[in-house]
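What the coordinates show
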Amino acid sequence: MTERTRTPQGAVRRTQMITTYGVGSLVAIGDQSFIISGLDTWKADLAPVIHEPNLQHWLSVNEFRLPPAASPPAGDGVRVRLFPEMYSCPECKALQPFSRFGSPRGKSRCGACDRPLTPSRFVTACVNGHLDDFPYWEWLHNKSGDSTGDRGERHDLTLHNTGGTASLRSILIKCSCGVRPVSMEGALGGGALESIGFRCRGRRPWLGRDGDDEACSETPRALQRGSSAAWFPVQRSSLSIPPWSQALHKFVVKHLEQLLQHAQNEVVLDAVIGAIIKGYPFTKDQVLGVLSEHRQLREENREEEATRLDASSRLRQKEYRELLNGTAEVSRDDDFECESAQTDASDPIPPGLGKVMLVKRLREVRVLEAFTRVEVPDPALSASRPAPLSKRAMDWLPAIEVMGEGVFLTIEAGRLREWEGADGPSARANRIRDNHRAVLLRRAQLSQRRHATVDTDSPITPRYILLHTLSHALINEWSLDSGYPAAALRERIYCSDDMAGVLIYTATSDSAGSLGGVVSQGELHKLRNSLRSAMDRISWCSQDPPCMESEASGADSLNLAACYACVLLPEVSCEANNTFLDRAMLVGTPDDPQIGFFH
């Protein structure tokens, strides 16, 4: 028997399967709309395996895999399902499930009119990650005052666009039962579906027809099908650091399962090691040493940390130590190379900075762990996994690996402690913390209905806001000075009681990668000029004085003096969704310059 050939519906880049079109997201291909299916439908057995031991241990999976490509040997593509199910015909105006149009196989055309069909423009989603078709029948009959209409009789819905305006008022829903037509005006409002008594049905179409939840207590919200609120990825990432970045470890990890399988039988293990190192410049003792390190990592305690910020996690602490120490010797096959910027009496480190490290080579692994809908994932709720990627537990997650370079900066410790102890920075940070607590409290109240627990204490500190805003200011400056687009640069914050650092790096899969342009920005004479220029640039904003005097700005009021004219970045560059920013922490305010660390 031969396996049935599947015709590809379309194509996206592998990196987009982590960032834009991951499991549970909607993708428009031609004149149809699809949802990316769960991991249990991906035939990824032959897809390339990505190893990053620290991150694998932290996420409790055995391995990461690249999303399968459409042709062997990488796999046979990523599965999709038709969604939304409701379609309309521009000719006969019928509004009904796609299956009732009688479209020819492989096409999206009305069987009666032979006109291309249009997928529903509206869907519903809830904070539990459920996704469903918009309830057109309920919307029409409740709004028209006929909510008790007999659903057993024939109800043929039609969709009409009067063309009078570009607003939802011009979109009318009609029914063959004769009720008064109703427009879509107000359908996207926060309480629109609650007003008609519509509750979430727990649908999870990316998991198939038997993947739905039991009844959900949340009231869903109507969204445009292409809205960004329909899918927010929850990503985790890690840098490959010594010893895991070294050529020996990379070699051993390819044979790790085989070695662990025979770890209790010394004779067999010796034979296996002898076979795999034949022709390679590695010894048996070196392989045994690496094997011991892997055993220790697997036994490392993974209990929940006290911190809830990625910036202060144990993964970041490991990276921070290696970035501070640098690398003495590296081989051509190593994934990490880091050295101190050259200093002398005529070229000292810029005031306010503690250490400057040039990261000439780095590897980053980015993983899609889960996703959310409606509400943006909060950086302080990093442990939440609201929507599953598959029906059953999987021992792998989709990931990509990228190579790059960067500059690592730390803040001068003594000056930082003195600044943190002042009243001005603490007062401004407390305003952001209060707003953040209000957000966490609102989510906690919602979570009580889901029998979940949410800590309502904000972990945001003046130190974190300072580091985060400094990172944004330098990225904007380097994008102008070095020629790299801001979207090609990324930040990585290291913040805790014993950490205060920022890594600005480029790690992309395209040409804006690792040609030395970012590392050169860490040369002290360049860094001094770019730091001074960045502070001058953000000391004034074209939106001032409202920007600097703002009591709250940004999503959920989690910023103070920050807008797109001064310090905000493209979303792909920021690890905190452009929140917890305040340029006054760097340069002060006109009334109190002492608030600024670099005043």
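Summarised in this report is the structure supplied together with it.

Conventions and cut-offs
- Residues numbered from 1 in each chain as written.
- Predicted model: local features only at pLDDT ≥ 70, side-chain atom pairs only at ≥ 80, totals over all residues.
- Heavy atoms only, no water.
- Helix = DSSP H or I, 4+ residues; strand = E, 2+ residues; numbered from the N terminus.
- Rg over C-alpha atoms; globule rule 2.2 N^0.38 Å.
- Contact = heavy atoms within 4.5 Å.
- Areas by Shrake-Rupley, 256 points an atom, 1.4 Å probe, with all protein chains shown as cover.
- Lys, Arg positive; Asp, Glu negative; His and termini not counted.
- Charge placed at Lys NZ, Arg CZ, Asp CG, Glu CD.
- Pairing = 2+ DSSP bridges.
- Axes fitted to C-alpha atoms, helices over the stretch in contact; angles between N-to-C directions.
- Disulfide = S-S within 2.5 Å.
- Salt bridge = Lys/Arg side-chain N within 4 Å of Asp/Glu carboxyl O.
- Buried < 20%, exposed > 50% of the residue type's maximum accessible area, 1.4 Å probe, protein only.
- Polar contact = N/O pair within 3.5 Å; in protein donor to acceptor, adjacent residues only side chain to side chain.
- Parallel < 35°, antiparallel > 145°, perpendicular 65-115°, else oblique.
- Left-handed = near helix turned anticlockwise from the far one by under 90°.
- Nonpolar A, V, L, I, M, F, W, Y, C, P; charged D, E, K, R; others polar.
- Core = buried A, V, L, I, M, F, W, Y, C linked by side-chain atoms within 4.5 Å.

Secondary structure assignment for the protein chain yields 15 helices and 20 strands. For 599 residues, the compact-globule estimate of 2.2 N^0.38 gives 25 Å, and the protein chain sits close to it at 27 Å. Structurally, the protein chain occupies a C-alpha span of about 85 × 75 × 45 Å along its principal axes. Contacts in the protein chain between residues at least 24 apart in sequence constitute 70% of all its contacts with a sequence separation of at least 6. Carbon together with sulfur atoms contributes 48% to the accessible area of the protein chain, which is approximately 27900 Å² in total. The distance from the centre of the 69 positive side-chain charges to the centre of the 76 negative ones in the protein chain is 7 Å.

A separate point is the sheet that holds strand S14 (residues 221-224). With respect to topology, three strands assemble into an open sheet ordered S10-S9-S14, the strand pairing being antiparallel. Looking at which strands have only one partner, the edges of the open sheet turn out to be strand S10 (131-133) and S14. Strand-to-strand twist in this sheet, taken as the mean axis angle between neighbours without regard to direction, amounts to 40°.

Next up on the list: the sheet that holds strand S13 (residues 182-183). Pairing in this open sheet of six strands is antiparallel, and the strands run S8-S6-S7-S11-S12-S13 from one edge to the other. Looking at which strands have only one partner, the edges of the open sheet turn out to be strand S8 (118-119) and S13. In this sheet, strand S11 (residues 157-161) lies alongside strand S7 (residues 94-97) in antiparallel orientation, the contact comprising two bridges. Bridge assignment links Leu 95 to a residue of S11, and that residue is Leu 157. Along the sheet, helix H3 (residues 136-143) makes contact with strand S6 (86-88), S7, S11, strand S12 (171-175) and S13, crossing S12 at roughly 85°.

It is worth spelling out the state of the cysteines at this point. This structure, assessed with the given rule, holds zero disulfides. Cys 92 forms no disulfide, and the closest cysteine sulfur to it belongs to Cys 89, at a distance of 3.6 Å. Residue Cys 113 stays outside any disulfide, its sulfur separated by 3.7 Å from that of Cys 92, the closest cysteine.

Here the focus is the pairing of S11. With five bridges joining them, S11 and S12 adopt antiparallel strand pairing. Across the sheet, residue Asn 161 finds its bridge partner in S12, namely Ile 171.

All chains considered together, the criterion is met by 34 salt bridges. Notably, a salt bridge pairs Arg 361 with Glu 337, separated by 3.0 Å at the nearest N-O pair. Here Arg 361 is found in strand S17 (residues 353-372), whereas its partner Glu 337 is found in strand S16 (residues 337-340), with 24 residues between them in sequence. The partly exposed category is assigned to Arg 361, whose relative accessible area is 21%. Residues Arg 583 and Asp 544 are paired through a salt bridge, measuring 2.6 Å at the closest nitrogen-oxygen approach. Placement of the pair is Arg 583 in the loop between helix H14 (546-549) and helix H15 (584-587) and Asp 544 in the loop between helix H13 (524-538) and H14, with a sequence separation of 39 residues.

Bringing the side chain of Ser 120 into the picture now. Relative to the helices and strands, Ser 120 is located in the loop between S8 and strand S9 (122-125). Classification of Ser 120 by relative accessible area gives buried; the value is 3%. Among the polar contacts made by the side chain of Ser 120, one reaches the main-chain carbonyl oxygen of Phe 122 at a distance of 2.9 Å. Setting aside residues up to four positions removed in sequence, Ser 120 forms contacts with Pro 84, Met 86, Tyr 87, Tyr 136 and Arg 225.

What follows covers the packing of helix H7 (residues 266-276) against helix H8 (residues 284-299). Where H7 contacts H8, the axes come no closer than 10 Å and their chain directions differ by 115°. In terms of axis orientation, H7 runs roughly perpendicular to H8. Judged by the sense of rotation from one axis to the other, the crossing of H7 with H8 is right-handed. In contact with Leu 269, Asp 270 and Ile 273 of H7, H8 contributes Lys 284, Val 287, Leu 288 and Leu 291. Across the contact of H7 with H8, the residue classes tally to five nonpolar, no polar and two charged.

What follows deals with the nonpolar core. Judged by nonpolar contacts, the single largest core of 59 residues is most densely connected at Tyr 464, Met 535 and Leu 586. Residues within four places of Tyr 464 in sequence aside, it is in contact with Leu 309, Ala 311, Ile 493, Cys 495, Ala 576 and Phe 580. Of all hydrophobic cores here, the second largest spans 41 residues; its members include Ile 18, Trp 42, Ala 125 and Ala 230.

In terms of burial, helix H5 (residues 247-254) is a largely internal element, six of the eight residues being buried. Packing partners of the buried residues in H5 comprise helix H6 (256-261), H7 and H8.

For the rest of this paragraph, the subject is unusual backbone geometry. Each neighbour pair has its own omega, and for Pro 242 with Pro 243 the value is 5°, a cis peptide bond. Considering the arrangement of structural elements, one finds Pro 243 in the loop between strand S15 (232-239) and H5. For the peptide bond that leads from Asp 544 to Pro 545, omega is 5°, which places it in the cis range. Within the secondary structure layout, Pro 545 lies in the loop between H13 and H14. For Val 374, which is not glycine, the phi torsion reads 70° and is therefore positive. Its location among the elements puts Val 374 in the loop between S17 and strand S18 (396-411). A relative accessible area of 24% means that Val 374 is categorised as partly exposed. Of note, the phi angle at Asn 578 is positive, near 55°, even though the residue is not glycine. Residue classification places Asn 578 among the buried residues on the basis of a relative accessible area of 7%.

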